[in-house]
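# Residue-level structure breakdown
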Amino acid sequence: MKKIIFIFSIFLIIILNVKVLATEWRYEWENTYIEVPLYASINAYDDIPKAKLYKDGIELQDANISYNRNGDWLYYYKDIDTSKPGEYKVWYKANESRYRPGTCNNYKQLITFKVIDTVYPTINLIKDTIKIPLNSAKIDYKQFYTVRDNLDGYISDYDDSDVNYKEIGTYEVKIRAVDISGNETKKTLKVVVEDNNGPVITFLGDNDIIEVEREEEVDFKEYFKAIDEIDKDCTSTISYDKFDINQTGDNIVTFTFHDKQGNFSSYKVTVRVVDEVPPTITLTCDNISLDYKTEPNPDFFKTFLVEAKDGIFDLTEQVEIDFSQIKLAVGSYDVIYKVSDSSGNVSEKKLLVNYVTDKAPEIKTIDVVINAGESIDFNDYIEVVDDSDPNVRNNISVDTEKFNNKEAGIYYLNVTVFNSSGLYNNAYIKVEVVDKGNNTLNVFNIIIIVVLGVVLIGGLTYYLIRYKNKKKLSNLE
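No experiment lies behind these values; they were computed from the predicted model shown. (Residues numbered from 1 in each chain as written. Predicted model: local features only at pLDDT ≥ 70, side-chain atom pairs only at ≥ 80, totals over all residues. Heavy atoms only, no water.)

## Examining the confidence of the model for the protein
Per-residue confidence for the protein gives a mean pLDDT of 86; residues scoring 70 or more make up 91%. Note that residues 12–20 has pLDDT below 50 and, in this model, 0 contacts with residues that lie over four places away or in other chains. (pLDDT = per-residue confidence, 0-100. Contact = heavy atoms within 4.5 Å.)

Shown next as structure tokens:
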């Protein structure tokens with residue numbers, strides 16, 4: 001029994017120690033609610049939510065946190081549609097690679113993106129004031145204004161309760177437009193009730209002037225509204241004085257509208273025929289390349305002109321060609337084709353002329369010998385010749401990746417040079433790095449060897465002479 005109690009006590013102590021020593025990890029998130037403007041790119045906002053990692057209640061500021069923004073559990077990033085207002089939720093997941101706490105508390109957070117529409121609808125009145133006949137029936141005022149909004153689904157209506165169609169006077173129609181985000185715009189249209197036997201004509205232009213382009217077909221019905229008390233819209237009955245649409249200038253033109261009973265109304269307008277459309281110039285191409293020594297001349301550049309027209313009129317022979325920018329040097333220059341019509345409208349077209357050469361630069365190099373550790377300016381030993389590019393030396397490149405001026409040896413370095421026409425050439429420069437310290441050591445070694453050799457030879461000679469002398473003495477005895 002005592003053994004069981006002892007074992008249980010040991011087990012309880014281990015469990016308690018584990019709980020005491022256990023580390024608490026958690027994430028805390030910020031910017032979990034984000035407003036995104038309508039039609040904005042969600043990519044510009046998806047990195048705003050951030051997570052911070054805490055260990056035992058202390059923020060780990062050097063934590064390396066990455067995010068999975070794909071979403072999960074019905075709330076996915078791909079479902080966000082910034083073209084539609086509303087709230088979109090995405091599950092974000094944090095992952096830390098430095099401390100690796102795993103899926104600890106709050107590693108997953110629901111982020112809310114709210115797509116908001118702050119653009120109000122616009123109400124455009126075709127006319128600030130309209131005139132209608134006395135005793136007119138209810139009018140659909142939507143024909144006198146348009147509504148635009150950045151989203152479909154807006155609602156527009158008007159309130160004409162202030163208009164008394166049976167009494168002459170000026171009244172207001174209140175127009176309202178509300179989009180699906182609740183943005184509301186209001187505007188007021190003035191309505192003049194008047195007594196007129198013929199259709200009531202409303203000119204939709206400005207200052208009683210219609211400006212039309214020469215030779216252009218015009219539908220003048222777009223400039224008028226003709227409303228009859230009984231027949232309603234009589235705009236299609238339009239008729240007007242004839243005038244020459246091909247001749248620029250002002251024409252006083254009377255426009256007439258009538259109803260089925262033969263009543264008519266007229267409205268005089270100045271029709272101004274203008275010529276504001278410049279001529280057109282057509283070239284065979286937009287750019288060409290020539291040798292930089294080519295002398296420019298007008299006949300050559302005229303071959304690139306297809307035609308110049310002003311409406312039905314051919315102005316090809318009147319085109320002026322300006323090539324004054326061209327210099328006999330490598331570069332890009334504009335040749336300008338210019339023409340004007342009888343109304344003073346001017347057109348220009350540019351032909352980009354690239355002056356280039358087909359000859360690559362020439363490179364000559366001089367072999368170099370330097371001491372170990374000595375710096376070298378390779379440009380002093382490289383000569384480049386290129387008549388087309390006076391600045392070609394600025395484009396010299398020497399490959400020194402395998403060159404070490406501190407290590408003795410012979411190096412062959414690749415020299416490359418480009419000219420302004422994009423042509424290049426290459427050569428090799430020989431660089432010999434000499435280590436003087438090693439040479440001194442070699443000479444010293446040679447001297448020692450020579451001295452030792454002399455001593456050895458001398459000693460051997462002395463021994464041989466002595467040996468011969470001893471032998472002679474022995475023979476004498």
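## Quick word on unusual backbone geometry
The phi dihedral of D56 falls on the positive side, at around 50 degrees, and the residue is not glycine. One can find D56 in the loop between strand 3 (50–55) and strand 4 (58–59). At N106, a position not held by glycine, the phi torsion is positive, near 65 degrees. Within the element layout of this structure, N106 appears in the loop between strand 8 (86–96) and strand 9 (108–116). For N106, a relative accessible area of 41% gives the class partly exposed. (Helix = DSSP H or I, 4+ residues; strand = E, 2+ residues; numbered from the N terminus. Buried < 20%, exposed > 50% of the residue type's maximum accessible area, 1.4 Å probe, protein only.)

## Examining the pattern of salt bridges
Summed over the entire model, instances satisfying the criterion amount to 14 salt bridges. In this structure, the salt-bridge partner of R176 is E184, at a minimum N-O distance of 3.0 Å. (Salt bridge = Lys/Arg side-chain N within 4 Å of Asp/Glu carboxyl O.)

## Quick notes on the sheet that holds strand 23 (residues 280–283)
Backbone hydrogen bonds hold the strands of a sheet together, and the pairing may be parallel or antiparallel. Here 3 strands make up an open sheet; going across it, the order is 23-25-26 and the pairing antiparallel. At either end of the open sheet lies a strand with only one pairing partner, and these are strand 23 and strand 26 (313–314). Pairing between strand 25 (residues 305–310) and strand 26: 2 bridges, direction antiparallel. What sits directly across from K309, in strand 26, is D314. (Pairing = 2+ DSSP bridges.)

## A word on the packing of aromatic side chains
Inspection of every chain in the model, using the stated rule, returns 23 aromatic pairs. Their ring planes at 45 degrees and their centres at 6.4 Å tell us that F220 and Y223 sit as a pair that is tilted. Overall, the relative accessible area of 4% leaves F220 in the buried class. Residue classification places Y223 among the partly exposed positions, given a relative accessible area of 23%. With centroids separated by 5.2 Å and ring planes inclined at 35 degrees, the aromatic side chains of F418 and Y424 adopt a geometry described as tilted. (Phe/Tyr/Trp six-rings, centres within 6.5 Å; stacked < 30°, edge-to-face > 60°.)

## Some points on the environment of D149
The topology assignment puts D149 in the loop between strand 12 (145–148) and strand 13 (155–159). Aside from chain neighbours lying at most four places away, what touches D149 is D117, V119, Y120, P121, Y154 and D179.

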